[in-house]
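# Close look at the chain arrangement
In case you want the letters, here they are:
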Amino acid sequence: AQKVTQAQTEISVVEKEDVTLDCVYETRDTTYYLFWYKQPPSGELVFLIRRNSFDEQNEISGRYSWNFQKSTSSFNFTITASQVVDSAVYFCALSEGVSSGDKLTFGTGTRLAVRP
Amino acid sequence: DSGVTQTPKHLITATGQRVTLRCSPRSGDLSVYWYQQSLDQGLQFLIQYYNGEERAKGNILERFSAQQFPDLHSELNLSSLELGDSALYFCASSVTAYNEKLFFGSGTQLSVL
């Protein structure tokens, strides 16, 4: 069965610090997809990134970057120069592909608090 | 704004009652998903519909049912409600049914008293 572990329950940083959110996953499939979603205080889940299992290139989008390493089954998320608006709960999620339907398995989330 | 509309935003009801949650997907999206978010269970996938047909099922209780109508809106029916059903219920949509990014609604907060 698939599983996503976000060991960091809460992280607190001061504005402009860099912060990395960890995500470790378990799956038996060779084809799978990894996601990050953000849940700000308003409550709505917002998509950040999707990665398939065959693409191990790291990705950077503005202050956000993602490090996907199949060897360690990790898909970590780094925010550079954090801002107060980054305060939210961040969820890592896994989808095992067509054979299992299209259901996402979410981690328990990491609550990030960025202090001014 | 994700373009996914959920109503109502809040619902307070009593144990044993039945409620219906409604979701309108983004224009053009054929797939609708329902997720439950609670403090003890986290975010749990309930069910997915694609173009009117059930496509995937998660940990959905037998007391819960859903459907997707010809106009693609979806309803989640929760019956014989228990205190433990209190949660935030999200609807999400995507264009197709294959591991795409999901657009989530703002959720319906259900409180069972």
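For the structure, check the block above.
Residues numbered from 1 in each chain as written. Chains lettered and ligands numbered in written order. Predicted model: local features only at pLDDT ≥ 70, side-chain atom pairs only at ≥ 80, totals over all residues. Heavy atoms only, no water.

### So, the pattern of salt bridges
Under the counting rule described, the total for this entry stands at seven salt bridges over all chains. Arg 63 of chain B is paired through a salt bridge with Glu 82 of chain B; the nearest N and O atoms lie 3.7 Å apart. In this pair, Arg 63 of chain B sits in the loop between strand S6 (53-57) and strand S7 (64-68) while Glu 82 of chain B sits in the loop between strand S8 (74-78) and strand S9 (87-94), placing the two residues 19 residues apart along the sequence. Three or more residues joined by partner-sharing salt bridges are found here, namely Arg 51, Asp 55 and Glu 59 of chain A. (Salt bridge = Lys/Arg side-chain N within 4 Å of Asp/Glu carboxyl O. Helix = DSSP H or I, 4+ residues; strand = E, 2+ residues; numbered from the N terminus.)

### Things to note about the state of the cysteines
Here the structure, examined in full by the defined rule, presents two disulfides over all chains. Shown here is the disulfide that connects Cys 23 of chain A with Cys 92 of chain A, its sulfur atoms set 1.9 Å apart. An S-S torsion of about -65 degrees defines the bridge between Cys 23 of chain A and Cys 92 of chain A as left-handed. Of this pair, Cys 23 of chain A sits in the loop between strand S3 (19-21) and strand S4 (24-26) while Cys 92 of chain A sits in strand S10 (residues 88-95), and the two are 69 residues apart along the sequence. Here Cys 23 of chain B is linked by a disulfide to Cys 91 of chain B, with a sulfur-sulfur distance of 1.8 Å. (Disulfide = S-S within 2.5 Å.)

### Brief notes about the interface of chain B and chain A
When the parts of a complex come together, some accessible area is lost, and that lost area is often taken as the interface size. With 22 residues of chain B at the interface, the matching set in chain A holds 18 residues. Interface area lost by chain B to chain A is led by Leu 43, Asn 99 and Phe 104 of chain B, which between them contribute 39%. Across the chain B-chain A interface, the total number found is zero salt bridges. Remark: the boundary between chain B and chain A carries four residue pairs in polar contact (both at pLDDT 80 or more). (Contact = heavy atoms within 4.5 Å. Buried area = accessible area lost by both parts, 1.4 Å probe. Polar contact = N/O pair within 3.5 Å; in protein donor to acceptor, adjacent residues only side chain to side chain.)

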